[in-house]
Amino acid sequence: MVQQIKTALVVFSSLALLACGGGGSSSGSSNTGGSTAVPMAIGVPEALTVVTGAPLNFTGQASSTAGVITNMYWQVENLTLSANPLASVSNADCKSMQKSSTGTEASCVLQVSPPALLTADYTYKLTLNAVDVKGNTIKASTTLLVKQEASTTANPVAKVGSSLTASTGDKVTLTCSGSGGTPAATGEPYSYQWVVSDAVGTTINLATTDTATTTFTAPIVAVASALKFQCRVTDDKQKVGTATQTVTVTPVVKPTVVPISYSGGVVSAGATITLDGSKSVKYDANGKVDTSTPIFYLWKQKSGPAVEIFNSASSVASTALPKFINSRTAFVFTLNASNSSISPGGFSLDPITQMDVVFYVDPLPPISLVSYTPTQVVASGGVVTLKVDAPSNTGSNIVYYSWSQVAGPTVFIAGGTTGNAGFVAPTVSSDTVLIFRASGSYQPITVANPATASIDVIVLVQAAPK
């Protein structure tokens, strides 16, 4: 049993000692015909924090100079949103009440047990009320904080970032972490879920809801508003811990620019892409969209192989992505927006707000060459056509070709850099095999840029008649 109460309240004492009020706050009323004196005094235990689920006793005492204490009772209130109720509450009606010989002093013991399941730290308010024979009343309150580790179910503990302050249009990051419980042995140890628990009448769009970290854009508000976001951490046994992060959003005090872009996504190598920030908006000091003054822009590349950005100082810019890459590559561009002009180095007299735009570039499909006449038989001196083609999976991309002779008497290849080449068969005294190799690439084939695909064509030249 745990009992927290000042020594002066443990035993019946003089009215002067009891009037000190114990560990909680007290209030009272007097019906003595205009007298300002409060004839009653009350005392409750100090605020208590526990980390176990053991039963608890709270002893409260009251006295009156006006007469006998006729009634005492406890009230229990949950101060934590969605907190589970106490597991048990006994003697809240103070049917078991002890009085002094005169009846002007009385005590009542409230017996409670913390809940078995706690998904967060829970706080309860315990208020003792007392009434005397003259109808005078008085009450005092104390608090009970039950830490989540008191849970017998070993739920995980969620911990969120500190409270934040942001202005309309700011990008806000929410963070959460889990501990305790029974995390999964492999993979992600906990699963996360973010819930907007209080949007104060605004619309909130979280970037993600199932990750430990998420972001949102601070909404338009007319007055400072406290938004509340609850993080739920679930362990491998499907036990849940919660915590709430508060973000206070203040209204804009000067025109505020919010960069917006719908560009980005997966594109093909060599594509010319548009960087579109034309949907960006500016809010005035009242949170209304301001179209009367311009927004200044600057597009800059943040990551990926360097490319040139055209019209980088306008809301809509463009760039050509490289054609030759070996694997999927991310190109990140940053849209900078401000009330004042932005220098190429990224400086402005007014605050600059930013938004990242990501393009993922996939390499071109591999080239596969096909010859419609892989083997030919011709007579000495005959004209031979060498034809090669690439399949349709190359789409509209240009394929460059190069022909070379691998075996046989050397001949001159006409059209050796096209898909249709040819030569005149040499005059041979015996049947002779000539082998030619066609090579293909998305770029002109040189020593520095070798082909990526090849195929051989065999030509049998028959001996000339004798």
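Every value quoted in this text rests on a predicted model; they were computed, and no experiment measured them.

Calculation criteria
Throughout this description, residue numbers start from 1 for each chain and increase along the sequence as written. Per-residue local features are limited, in this predicted model, to residues with pLDDT of at least 70; the limit for side-chain atom pairs, both in listing and counting, is 80 or more; totals at the level of whole chains, interfaces and linings are taken over all residues. The side-chain quantities take in all heavy atoms of the structure and omit both hydrogens and water. Only DSSP runs of H or I with at least four residues qualify as helices, and only runs of E with at least two residues qualify as strands; both kinds are numbered from the N terminus onward. Relative accessibility thresholds used throughout: buried, under 20% of the residue-type maximum; exposed, over 50%; partly exposed, between the two (1.4 Å probe, protein chains only). Whenever a nitrogen or oxygen atom comes within 3.5 Å of another N or O atom, the pair is scored as a polar contact, on the condition that within protein one atom can donate a hydrogen and the other can accept it, and that pairs from neighbouring residues in sequence are kept only if both atoms are in side chains. Among the buried residues, those of types Ala, Val, Leu, Ile, Met, Phe, Trp, Tyr and Cys that are joined through side-chain atoms within 4.5 Å form a nonpolar core. Two cysteine sulfur atoms make up a disulfide if the distance between them is within 2.5 Å.

Q: Which parts of the structure should I look at to understand the side chain of Thr329?
A: For Thr329, the location among the structural elements is in strand 25 (residues 329-338). What makes Thr329 buried here is its relative accessible area of 18%. Engagement of the side chain of Thr329 in a polar contact is seen with the backbone oxygen of Ser327, the distance being 2.9 Å.

Q: Would you mind showing me how to read the nonpolar core here?
A: Side chains of a nonpolar character, in soluble globular proteins, are inclined to be buried together. Counting 45 residues, the largest nonpolar core has Phe333, Leu386, Trp403, Phe423 and Phe436 as the members making the most contacts within it. Phe58, Cys108, Leu110 and Ala120 belong to the second largest nonpolar core, which has 30 residues in total.

Q: When you look at the state of the cysteines in this model, what are you seeing that I'm missing?
A: By definition, a disulfide links the sulfur atoms of two cysteines through a covalent bond. Scanning all chains against the criterion turns up two disulfides. There is a disulfide in this structure between Cys94 and Cys108, and the S-S distance comes to 2.1 Å. Looking down the S-S bond of the Cys94 and Cys108 bridge, the torsion is -100 degrees, so its handedness is left-handed. Note that Cys94 is positioned in the loop between strand 6 (88-90) and strand 7 (97-99) and Cys108 in strand 8 (residues 105-113), a separation of 14 residues in sequence. The exposure class of Cys94 is buried, given its relative accessible area of 4%. Two residues share a disulfide in this structure: Cys176 and Cys231, whose sulfurs sit 2.1 Å from each other. Looking along the S-S bond of the Cys176-Cys231 disulfide, the torsion reads about -85 degrees, which is the left-handed sense.

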